[in-house]
Amino acid sequence: MASQQQRGIARQSAWPDLPPELLERIVAVLAPRDRVAVRLVCASWRACVREFFPTDLPFEAPRLLLRRPGTGGWLAFFSLQHRKILPFMLPANLSAGRCCGHIGGWLAMASDADRSILLCNPVSGKSVALPPPPVFPVSKMVLSGPPTSGCWVVAALGRTGTIVLFQPAVSAAWMTIGVNEGAQHGGFRDMAFWSGRLCALGHDGAVLAFRGDLRARAAAVSLLREAEHPVGALEAGHWRVYLVEGDGELLVVRKLYMVRRNSEAVDLAVEVHVLSSAAERKWELVEEMPGRAVFVGSVVSTAVPLELYPAAGLRESCVYFARREVEMLAPHAICEYSMMDEEMRTVPIAGGHSADVEPVWITPFV
């Protein structure tokens, strides 16, 4: 009996104990996508891939998903650490869509041609089709959890500022929420799941929290942040306001451009506010975020602890912006703002990308 147990233990440990030289030769003939799957086997395999193939691992730190130039260009990843586009490319069947959301390794891909939405995991190859939401074209989608997490909920924000909810475990139809509230605040411009609620940012700076009951087809609403300005007062194209959830906190990030007349100079101010008390609707200005950085974009925004990525070259208390600023005098794809220095620097994207497609932050999930 003892010898059988020993043989069983030996069989279980055989694959993790492969010599690194042999494993390196095996991994070398794999495609970058397959190398990511190899990392999931065990710690020794993950360490080998990290050591010998560091540049084609797209999920070690926040990456930027962008589209390569040209008709039918592939979706690829830009690495802040390596300052270049990685050779890892998404499967061809995903490149036809437009990424409008991401959570836990799942991408929300929208096809404007047939109004279809597909949730897909490029590593596992799994996908979940959603019924077409009634707010096409979709500007952003957020999920309460990955599709494998159980009773997950997905919210879709249309470009007209309307929000709809869908929970496949409860109903086969989408539910529109906050129509009257949205009209009072000029429609919604951003949203995020936080503390079990869907929070929505109005065009006047107000933040509302919804608790939706899809069985009852109803949603309770509360105000988390008062409006900052009248609707339309800051629609000159120089303001960008984002709603960010990260590490259990709810943040509002404001970026203000002030373009001087008859000059190409651009002044820029960035403010980060955190909800310190939901009951009192109290927000505080954040001057620094030790050990953390904020990644902000029109599709995906999040705050991450940097201790998870010691080799990524990220800076603490920095806000990383990713958005097409085509109407501005300095349309950079990535901007890094230091909250402590109050300075902005740009990160050039080497390798080429399409300026017609919104870049999307993809946060780690492997």
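- By the naming in an unreviewed UniProt entry, the protein is F-box domain-containing protein, taken from Miscanthus lutarioriparius.

**Side note on the sheet that holds strand E22 (residues 318–322)**
Thought 1: If you walk across this open sheet you meet the five strands as E21-E20-E22-E23-E24, and the pairing is mixed. Edge strands, defined here as strands with exactly one partner in the open sheet, are strand E21 (302–305) and strand E24 (343–346). Along the sheet, successive strands turn relative to each other by an average axial angle of 20 degrees, direction set aside.
Thought 2: Strand direction decides the pairing type here: strand E20 (residues 292–297) and E22, joined by five bridges, are parallel. Bridge assignment links Phe 295 to a residue of E22, and that residue is Tyr 320.

**Some thoughts on the sheet that holds strand E10 (residues 163–166)**
Thought 1: Read across the open sheet, the four strands follow the order E8-E9-E10-E11; overall the sheet is antiparallel. Of all strands in the sheet, those bounded by a partner on one side alone are strand E8 (138–143) and strand E11 (175–177). Direction aside, the axes of adjacent strands within the sheet are offset by 25 degrees on average.
Thought 2: With four bridges connecting them, strand E9 (residues 154–158) and E10 associate as antiparallel partners. In the sheet register, Ala 156 faces E10, and the bridge partner there is Val 164.

Definitions and limits used
- Residues numbered from 1 in each chain as written.
- Predicted model: local features only at pLDDT ≥ 70, side-chain atom pairs only at ≥ 80, totals over all residues.
- Heavy atoms only, no water.
- Pairing = 2+ DSSP bridges.
- Helix = DSSP H or I, 4+ residues; strand = E, 2+ residues; numbered from the N terminus.
- Axes fitted to C-alpha atoms, helices over the stretch in contact; angles between N-to-C directions.

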